[in-house]
Amino acid sequence: MAAILCENCPGQYPYTQVNQPLELSCMLLLIMFGKVFLDFFMLQVKKKNVKVSFMSYFCVSLALVDFTLLMSISFIFYFEDFALWGVRFTKYHICLFTQVISLTYGILHYPVYLVAGLDYYMTIAQTSQFPKRGQRLLYIFTVVVIWISGFFCILKVPAICEELDTQNRFSPYWCPLYGSLQSYSVSCAMVLLTGTALLACRKEVTTMLLSVRVVSFASQPVLMFSYVSNNNSTCFKWQLLTRLLICFLGTWAPFVLLQIIILFLGARIPAYMEMNVPWLYFINSFLIAVAYWCRCHDVELTEEMWSTDPFVSWKFCFIPFNNESTEPADKPGTVIVIC
């Protein structure tokens, strides 16, 4: 593994040129190009005036890592065989770099989601924030530590180095890429939790969907849902869960359906494709919904509180909508909510 300074790798050997099939290198290059385009597209179309969060910084860092990988394999693909800083690079390294990135992405799911979940749980109801510069520096430091730890774990584990070394010694004409058990378990957990919540609130969800109306508000079409107001704590959390589900599925239903199809077919997606910006924003919305539901009684009804999610608006899950230009609700004692 001439391109990686891995002192603990057993069985290092003098590097010999490997002529990988052109189709494999082209495929990896095209896939990474499409992924990078999708990453930056999502970063561009998201809402701009959102609160600073750990997940937003990690999404930017992931897009930059993907872009760096794309530039690296493009450079190698174009020049084919060259030396840089005493290391010889060939198209063999396109596969090698992609394998290392796949292994690194595969072990980052749990720590990233855990840190993001704790971040939202602690700050979702926060009235006084850290100074913006200090908060940003804290998020940047955490992101850097996670990336360094991930690459260190992969490049300093002898068993992984030995496996890559053996594969490229005896199977130079194919490029085995790695899926992530962490991503698979997260997908299973999300589908299970979403399905359980939807099943438990099926009557409330059906009632709200049957009462939906499309009206014009602020020159934009919005959906209006009527529901019976109840001050009881348990009933409030039950109604809130229903509205959070509708908001979440109203935006991310295609992703949920895609996860169900992938799990049903048993398809294993390489980790370098699984970890992407759209997927992270999907997880991000799920974590925000969980944080809102867990700390619903601590949420301050301020405008700043609702600028947390770049894609889903959670505001009207908490605040009843009253507007003189709209018709009253069908039943007395009901209020209007926009999700």
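Just so it is clear, the model here is predicted, and its values are computed rather than measured.

Chemist: Looking at this model, I keep getting lost on the overall build of the protein. Mind explaining?
Modeler: Looking only at helices and strands, the protein features 11 helices and five strands. Residues classed as buried in the protein amount to 47% of the 339 residues present. Sequence separation of at least 24 residues holds for 79% of the intrachain contacts in the protein that already meet a minimum separation of 6. For the protein, the accessible area works out to roughly 17900 Å², and carbon and sulfur atoms hold 67% of it.

Chemist: I would appreciate a short explanation of the packing of aromatic side chains in the present structure.
Modeler: Each aromatic ring pair is described using two quantities: the centre-to-centre distance and the angle formed by the ring planes. Per the stated rule, a full pass over the model turns up 15 aromatic pairs. Their ring planes at 65° and their centres at 5.8 Å tell us that tryptophan 252 and phenylalanine 282 sit as a pair that is edge-to-face. With a gap of 30 residues between them, tryptophan 252 in helix 9 (residues 233-265) and phenylalanine 282 in helix 11 (residues 277-294) connect regions that are remote in the sequence. Between the aromatic rings of phenylalanine 255 and phenylalanine 282, the centroid separation amounts to 5.3 Å while the plane-to-plane angle is 35°, which identifies the pairing as tilted. On the criterion of sequence distance, the pair formed by phenylalanine 255 in helix 9 and phenylalanine 282 in helix 11 is long-range, its members being 27 residues apart.

Chemist: Looking at this model, I keep getting lost on helix 11. Mind explaining?
Modeler: Since the α-helix advances by 3.6 residues per turn, residues separated by three or four positions end up pointing in the same direction. Taking 1.5 Å per residue as the helical rise, helix 11 with its 18 residues ought to reach 26 Å, and the 25 Å between its terminal C-alpha atoms agrees with that figure. Helix 11 sits mainly inside the fold: 15 of its 18 residues count as buried. Near the N-terminus of helix 11, the side chain that reaches the backbone nitrogen of tryptophan 279, with its oxygen 2.8 Å away, is that of asparagine 276.

Chemist: Even after reading the chapter, I still don't get the pattern of salt bridges, so can you show me in this structure?
Modeler: Close approach of charged atoms allows side chains of opposite charge to pair. Applying the stated criterion across every chain, the model contains one salt bridge. Salt-bridge contacts for aspartate 66 lead to lysine 35; the nearest nitrogen and oxygen are separated by 3.1 Å. Pair noted here: aspartate 66 is in helix 2 (residues 54-79) and lysine 35 is in helix 1 (residues 22-45), with a separation of 31 residues, a long-range link. The two residues aspartate 66 and lysine 35 agree in class, both being buried.

Analysis parameters
Per chain, the residues get numbers from 1 upward, laid out in the order the sequence is written. Since the coordinates come from a predicted model, pLDDT governs what is reported: local features require at least 70, and pairs of side-chain atoms require 80 or more to be given and counted, while whole-chain, interface and lining totals use all residues. Note that water and hydrogens are dropped before the side-chain values are worked out from all heavy atoms of the structure. Secondary structure elements are taken from DSSP: a helix is a run of H or I of four residues or more, a strand is a run of E of two residues or more, and numbering for both begins at the N terminus. The rule is simple: take the accessible area with a 1.4 Å probe, protein chains only, and divide by the maximum for that residue type; under 20% is buried, over 50% is exposed, in between is partly exposed. The criterion used for residue contact is that any of the two residues' heavy atoms lie within 4.5 Å. Residue burial considers only the protein chains on display, and all accessible areas are found by Shrake-Rupley using a 1.4 Å probe. Here the aromatic set is Phe, Tyr and Trp, taking the six-membered ring for Trp, and pairing holds for ring centres within 6.5 Å; pairs whose planes are under 30 degrees apart are stacked, those over 60 apart are edge-to-face, and all others are tilted. Under the convention used throughout, the expected extent of a helix is 1.5 Å for every residue step, that is, one less than its residue count. Polar contacts, as counted here, are pairs of nitrogen or oxygen atoms within 3.5 Å of one another; within protein the pair requires one atom able to donate a hydrogen and one able to accept it, and residues that are adjacent in sequence qualify only if both atoms are side-chain atoms. The term salt bridge refers to a pairing of a side-chain nitrogen on Lys or Arg with a carboxyl oxygen on Asp or Glu at a separation within 4 Å.

Geometric values such as these leave the question of function open.
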